[in-house]
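Descriptive structure summary
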Amino acid sequence: MNLIITEKIDVGCQVAEALYNIGERGDDFKSKWQDIKKTKSKKQYLKNNNYIIVWTNGHLGEDLKPAELNKKYSLKFHYDKDFDYTSPTLLQNMKRVVKPEKKKLFSIIKDIINSNNISTYYICTDADAEGERIARDLLFEFCKIDKNANIKRMWITGAFNNVKQIQDQLENGLPYNHEKYENLSNSQIARSKADYLQGMIITKTLVDLYQEKIYSGRVKNTIIGLIGNRELEIKHFKPKPYYSINGILDNLTLNHFYYKEIDDIDSKGNQITKKEKTTLYYNKVDLEKTINDLEEVNLQGTVTKSQKNISSSKQRPLPLSGDDFKSEMFKKYKVSLQDSDKILQYLRDEGFTTYQGTNGRYFAEDDKEIVYTAFNTALSVFKNELTNFQPNFTTEAYCFDDKKAKKQNHPPLHLTEKIPTQNDYEKWDNNSIPKLKEGYDLIAKRILVHFLDNDEIETTQLEVEINTHKFETTGIKPIKQGWRSFIGNEKKDNSFQLNYKKDDPIKLKKYNIVEKLSTKPKLYNAIDIL
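Residues numbered from 1 in each chain as written. Predicted model: local features only at pLDDT ≥ 70, side-chain atom pairs only at ≥ 80, totals over all residues. Heavy atoms only, no water.

Considerations on the overall build of the protein chain
Across its full length, the protein chain holds 17 helices and 16 strands. Expressed along its principal axes, the backbone C-alpha trace of the protein chain runs to roughly 90 × 70 × 50 Å. Taking all 530 residues of the protein chain together, 43% fall into the buried category. By sequence separation, contacts in the protein chain at least 24 residues apart represent 75% of the contacts at least 6 residues apart. When the accessible area of the protein chain is evaluated, it comes to approximately 28800 Å², of which 46% is carbon and sulfur surface. (Helix = DSSP H or I, 4+ residues; strand = E, 2+ residues; numbered from the N terminus. Buried < 20%, exposed > 50% of the residue type's maximum accessible area, 1.4 Å probe, protein only. Contact = heavy atoms within 4.5 Å. Areas by Shrake-Rupley, 256 points an atom, 1.4 Å probe, with all protein chains shown as cover.)

Have a look at this one:
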């Protein structure tokens, strides 16, 4: 018997669907994971003659709080001169235990392991550091499985019902202790230790010293630091002037630009200097030098670029991760983060959409079947709005990127084959959760937009140089809005007549110095923090 460990009910059911389609039949395995979830998932596992699938519903374990390890670490609300607040031995004494609310679930999984002759353990948790910790907690911390047992890692970055990926990882999955997975596991352990250092130790120090409930934490400290530093910026803010220059050529306004050197860090951590394009001056001496240079040649110069081309946009708005969805719903409809969570949970529970991964924005080519399903569902949903379009499904679409998809732990939000009915729309309208239809449509459009007609944009560019200083203007003329009109992202016409050729002499009518004051930064809101 083989055991497959997953994190969530949905994932366990999706893996069972993939196994069914590989040929692993059995009472618990069916052709659609939603059907499995409805009928089999309440018993907390799925089984056929060769495989048992379990799910942990997130983290099974947690670190004992310091006071649970030793009463000397408890919060005293007074300074204890005999206690060493650096707690030098605390990290060595950390202990992992099953969460109280997960003890029943753990007991079921443990009984399955003990009552079956497991030949291979397959770790099929999320493809990230947390997934490593969840599986290793179950196997080694709590079930005390021999670390030399046959344990393989199924590294699934797409949908868990992707037959090709599941079959490949069953056959070719690397050992769980491969360096790649060991590093992820170690990073998660380091995170737990950071929780102790920044949370437990600092909290006790603050509470005992100030005799108040002042709590510290790894994430909390970061957020407080962001908010606090922004408030200090606002408190000490003093507006500063900055300048830009534009020039008038015939009836055109050209903006002056230049490249300034900035310090940066490259991908290997080395300090480098790179050039960054800007139109702004913060130093009046530099501004005046540029003006003197322009006046020195009486505003005369040469055309360095004069071109017109027609192209289609390569990029389109990407499919949404869970966090992207929340951000967009707040921007478009002022829906709170909490209500966005409710929208996603409702649509998922009702079988209309998939799990909300935190970082999924691209699909792998192996995901083409689930994307094709989402594409067809979206076609049905928006059939009345697509009369002027010719949708075409292709893995050449911008939303497919194998390299980027492999860095994700979940694919983007997408539609299932379940198509909302008129009755569903009425239920959504009457639901206490706001903007359900708008949320569904947003997810659907972010998929479908990648398979609609290209736009065609005519771009006109004019660039001139005056005594080494450059000015430019760009105009666009939409020839065909294409996919843009489907999502309300149309380009406006600001084209101009191109009357100059490259190397033509020119003279500006005049130049203008635009002076502005820097504005006070705004306080962060929940979306900024997200």
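Focus: the pairing of strand β1 (residues 2-6)
Here is the key point about a regular strand: its side chains alternate between the two faces of the sheet. When you tally the buried positions in β1, you get five out of five residues, the bulk of the element. Of the two faces of β1, the one carrying Asn2, Ile4 and Thr6 and the one carrying Leu3 and Ile5 are both buried. By the bridge criterion, four bridges tie β1 to strand β6 (residues 120-123) in an arrangement that is parallel. Looking across to β6, one finds that Ile5 is bridged to Ile123. With five bridges joining them, β1 and strand β3 (residues 51-55) adopt parallel strand pairing. Along β3, the bridge assignment pairs Leu3 with Ile52. (Pairing = 2+ DSSP bridges.)

Section: the side chain of Thr353
Mapping Thr353 onto the fold places it in the loop between α11 (337-349) and α12 (368-381). According to the relative accessible area criterion, Thr353 is buried, its value standing at 0%. Each residue touching Thr353, except ones within four places of it in the same chain, is listed here: Leu344, Leu347, Arg348, His414, Leu415, Thr416, Tyr440 and Ile443.

A few points about the sheet that holds strand β7 (residues 151-153)
An order of β2-β3-β1-β6-β7-β8 is seen for the six strands of this open sheet, with the pairing classed as mixed. Taken across any chain shown, the strands that pair with only one partner, and hence form the sheet edges, are β2 (45-47) and β8 (174-175). The sheet strands contacting helix α5 (residues 129-142) are β1, β6 and β7, and the helix crosses β7 at an angle near 170°. (Axes fitted to C-alpha atoms, helices over the stretch in contact; angles between N-to-C directions.)

Concerning the environment of Arg446
Mapping Arg446 onto the fold places it in helix α15 (residues 436-448). Here Arg446 falls in the buried class, since its relative accessible area comes to 17%. For Arg446, the residues in contact, after removing those within four places along its chain, are Pro317, Leu318, Pro319, Leu320 and Glu328.

Regarding the side chain of Thr278
Positionally, Thr278 belongs in strand β11 (residues 271-278). Only 3.1 Å separates the side chain of Thr278 from the backbone nitrogen of Leu280, close enough to count as a polar contact. Among residues more than four places away in sequence, those in contact with Thr278 are Phe257, Tyr258 and Lys260. (Polar contact = N/O pair within 3.5 Å; in protein donor to acceptor, adjacent residues only side chain to side chain.)

Notes on helix α4 (residues 103-115)
A rise of 1.5 Å per residue sets the reference length of α4, with its 13 residues, at 18 Å; its end C-alpha atoms lie 18 Å apart and thus fit the reference within 8%. Taken as a whole, α4 has its buried residues at Leu105, Phe106, Ile109, Ile112 and Ile113. One side of α4 carries all its buried residues, which in axial view fall inside an arc of 120°. Looking at α4, the residues exposed on the side facing more than 90 degrees away from the buried face are Lys103, Lys104, Asn114 and Ser115. Tucked into the core, α4 has its buried residues touching β1, β2, β3, β5 (96-98), β6 and α5. (Expected span 1.5 Å × (residues − 1). Arc of directions from axis to C-beta.)

Observations concerning the pattern of salt bridges
Tallying each qualifying case throughout the model produces 29 salt bridges. As a salt-bridge pair, Asp126 and Lys8 come within 2.9 Å of each other at their nearest N and O atoms. Taken together, the residues Asp126 in the loop between β6 and α5 and Lys8 in the loop between β1 and α1 (9-22) connect sequence positions 118 residues apart. By relative accessible area, which is 12% here, Lys8 ends up buried. The shortest N-O distance in the salt bridge between Arg446 and Glu328 comes to 3.6 Å. Taken together, the residues Arg446 in helix α15 and Glu328 in helix α10 (residues 322-333) connect sequence positions 118 residues apart. (Salt bridge = Lys/Arg side-chain N within 4 Å of Asp/Glu carboxyl O.)

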